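As a plain string of letters, each chain reads:
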Amino acid sequence: MNIREPKNKGMVYLVGAGPGRADLITVRGADLLKTADCIIYDKLANPALLSYARPDADIIHVPKRIGTGSCTQDEINRLLVEKANEGKTVVRLKGGDPCIFGRGSEEARVLVKAGIDFEIVPGVTAAIAAAEYSGVMLTDREYSSQVAFITGHEADGKKESSIDWNVLAKFPGSIVFYMGMGGLQFITGQLIKNGMNKETPTAVIANATFPNQRITKSTVEGIDDKCKQENIGPPAIVVIGDAAVGDTSLNWFMKKPLFGKTIVATRDHRGNAEFAAKIINRAGNPIEFPTIKIEPLTNTTEFLQALSKITEYDWIVFTSANGVRIFFDYIRDLSKDARVFASAKIAAIGARTAAKLAEFAIMADFVPDVFTGKELGNQLIGFTNLKGKKVLLLRSQLASGELIDLLQQAGADVDNVSIYTAVTAKTDPAPLAKQITDGAIDWLTFASPSSVTAFFEQIRPDLVNSGNVRVASIGPITSEQLKKVGVKIDLQAAEHTIDGLLDAIEQNRISKT
Ligand code: SAH
């Protein structure tokens, strides 16, 4: 063994974050983020990816400003070596692919020199993502058999351009410029000067893969003016050549009904994160505004008594995924599992609750096809004879009494036990209030009466009623609460689930155009 080699050297992973949208990172990249001791990330890497990080990870943001010299890159290089020499596993997270105009190779060379092990994890580079998210096909065999990636911004310190404009002007395929917006006029001017046809199709795709993605098309001569008129700026990819004509029928992303729509989720933190992921899947722009915090009530006498005689129940009813999660968190702490239910039958209010139960290997014996407490009651009564049966409801403290009444009328012996409650969460309402006033919000969504109450304790109803913002409610109980606080309702979901709510918003948009 080389005795000069320091012990406990860490490891550096140069990881491509992908072009923007967080879930376009590779599986390998995401796995490494989950285990890293230290994450050093760039401006172009989506900060949402940091949600993968360990709570104790050392997270360092290294913004690189355009125009700064090699000093900043030197600082990053030093940081990589320093952290690895502390024995840490370092993820260097870089936008797109780490080595496509990303200086990944420079960083890797520094690591080689310092004797630090490294691995490079490729990422989806911006050119490819921008093209495929906008119907601009870079190598469609009808018109382009070659593609060139060019930097529009020469490496620091280089005096002379290494771009051969004469060759490029005659390139018979798709030319893609990264970092081309600052010098767009210069780039197009050089190409035309060197013999490119002024009419050559050109497209600029900005903020690719994000809900604020934009595309504009013109000729190579006209593109700079068009971008200025339309206020299209970086980060953007410039595509020159026949590919830039694009095929609008392939622009699947920008055609999605929720594309670009800004939708506010007003559930608890966990619920909002899940909701936001669904909005992103539909190309919308989520804003998470937590209104409530879910607090377990598993330390109450009421709950503990019910638990002590749980084997006596014929039916146990869960009315939300939260209830299921909190129940199992509690019994897991007791080192118990689903066998506590013994032979009791289990009912779930809807597909989400049933899916949560399935995570604990419980297949619900009964799930109604309409998701309200009242329907659960009516359909359960239709499904089985409850006369003399012992039923345990494990619900939110705020749930209505309707279900209890229905079950009791059918002859059941009902124990209604609150397993959690919702308390108001503190979120600074000023930024959202301003966005509502500015017309920057398309939809406010409400998924429970408690969210409605907590939201309108912080934001005045008249701000919502008088603005352009629309209000979507998950179902009748939530709508009732909206009416109570005096807020207009633009739509109520036909299926009372988060997916149902998003379906309704999509349909609303389609029916309006
Ligand atoms: N390593 C990165 C590129 C870094 S250079 C990659 O592989 O994608 C930065 C340039 O990438 C920007 O100037 C822009 O041209 C392009 N870019 C990065 N993200 C982009 C996005 N979401 N939309 C359009 N262009 C993007």
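Above this text you will find the structure in question.
Residues numbered from 1 in each chain as written. Predicted model: local features only at pLDDT ≥ 70, side-chain atom pairs only at ≥ 80, totals over all residues. Heavy atoms only, no water.

Description of the pairing of strand 4 (residues 89–94)
Burial analysis of strand 4 places 5 of its 6 residues in the buried class, the great majority of the element. Sheet topology places strand 1 (residues 11–16) next to strand 4; 6 bridges connect them, and they run parallel. Within strand 4, the residue paired with Leu 14 across the bridge is Arg 92. Here strand 2 (residues 38–41) pairs with strand 4 via 4 bridges, running parallel. The residue of strand 4 that forms the bridge with Tyr 41 is Leu 93. (Buried < 20%, exposed > 50% of the residue type's maximum accessible area, 1.4 Å probe, protein only. Helix = DSSP H or I, 4+ residues; strand = E, 2+ residues; numbered from the N terminus. Pairing = 2+ DSSP bridges.)

Examining the environment of Val 464
Positionally, Val 464 belongs in helix 16 (residues 461–466). On the basis of relative accessible area, Val 464 is assigned to the buried category, the value being 0%. It is 8.9 Å that separates the C-alpha atoms of Val 464 and Ala 433, two residues lying 31 residues apart in sequence. Apart from the residues within four sequence positions on either side, Val 464 is in contact with Ile 436, Leu 444, Phe 456, Ile 459, Val 469, Val 471, Val 487 and Lys 488. (Contact = heavy atoms within 4.5 Å.)

Details of helix 13 (residues 402–409)
Among the residues of helix 13, Leu 403, Ile 404, Leu 406 and Leu 407 are the ones counted as buried. Down the axis of helix 13, the buried set is contained in an arc of 165°. They therefore lie on one face. Close packing links the buried residues of helix 13 with helix 12 (373–383), strand 16 (390–396) and strand 17 (413–424). Phi turns positive, to about 95°, at Gly 411, one or two residues after helix 13. (Arc of directions from axis to C-beta.)

Observations regarding the side chain of Thr 353
Positionally, Thr 353 belongs in helix 11 (residues 351–359). For Thr 353, a relative accessible area of 3% translates into the label buried. Apart from the residues within four sequence positions on either side, Thr 353 is in contact with Phe 318, Thr 319, Ser 320, Ala 321, Val 324 and Ala 348.

Considering unusual backbone geometry
Geometrically, the link from Pro 234 to Pro 235 is a cis peptide bond, its omega value of -5° lying close to zero. Looking at the element boundaries, Pro 235 is found in the loop between helix 7 (223–230) and strand 10 (236–240). The phi dihedral of Asn 207 is positive, around 50°, even though this residue is not glycine. Checked against the element boundaries, Asn 207 lands in the loop between strand 8 (201–206) and strand 9 (214–219). Residue Ser 335 is not a glycine yet carries a positive backbone phi of 60°. With respect to the element layout, Ser 335 can be found in the loop between helix 10 (321–333) and strand 15 (345–348). Taking relative accessible area as the criterion, Ser 335 reaches 70% and is therefore assigned exposed.

Let's talk about the packing of helix 15 (residues 449–458) against helix 17 (residues 476–484)
Two elements in contact, helix 15 and helix 17, have axes whose closest approach is 8 Å; the angle formed by their N-to-C orientations is 25°. Judged by the inter-axis angle, helix 15 sits roughly parallel to helix 17. Pair helix 15 / helix 17 crosses with right-handed handedness. Judged by residue contacts, Pro 449, Val 452, Thr 453 and Phe 456 of helix 15 engage Ile 477, Thr 478, Gln 481 and Leu 482 from helix 17. In terms of residue class, the contact of helix 15 with helix 17 is made up of 5 nonpolar, 3 polar and no charged. (Axes fitted to C-alpha atoms, helices over the stretch in contact; angles between N-to-C directions. Parallel < 35°, antiparallel > 145°, perpendicular 65-115°, else oblique. Left-handed = near helix turned anticlockwise from the far one by under 90°. Nonpolar A, V, L, I, M, F, W, Y, C, P; charged D, E, K, R; others polar.)

Focus on the pairing of strand 1
Most of strand 1 is tucked away, with 5 of its 6 residues classed as buried. Bridge count for strand 1 against strand 5 (residues 117–121) is 5 bridges, and the pairing is parallel. What sits directly across from Val 12, in strand 5, is Phe 118.

Considerations on the packing of aromatic side chains
Within the structure shown, the criterion is met by 22 aromatic pairs. Ring plane angle 65° and centroid distance 5.7 Å describe the contact between Phe 149 and Tyr 178, whose orientation is recorded as edge-to-face. Placement of the pair is Phe 149 in strand 6 (residues 147–151) and Tyr 178 in strand 7 (residues 174–178), with a sequence separation of 29 residues. Each residue in the set Phe 303, Phe 318, Phe 327, Phe 328, Tyr 330, Phe 341 and Phe 360 is aromatic and connected to the rest through ring pairs, giving one cluster. (Phe/Tyr/Trp six-rings, centres within 6.5 Å; stacked < 30°, edge-to-face > 60°.)

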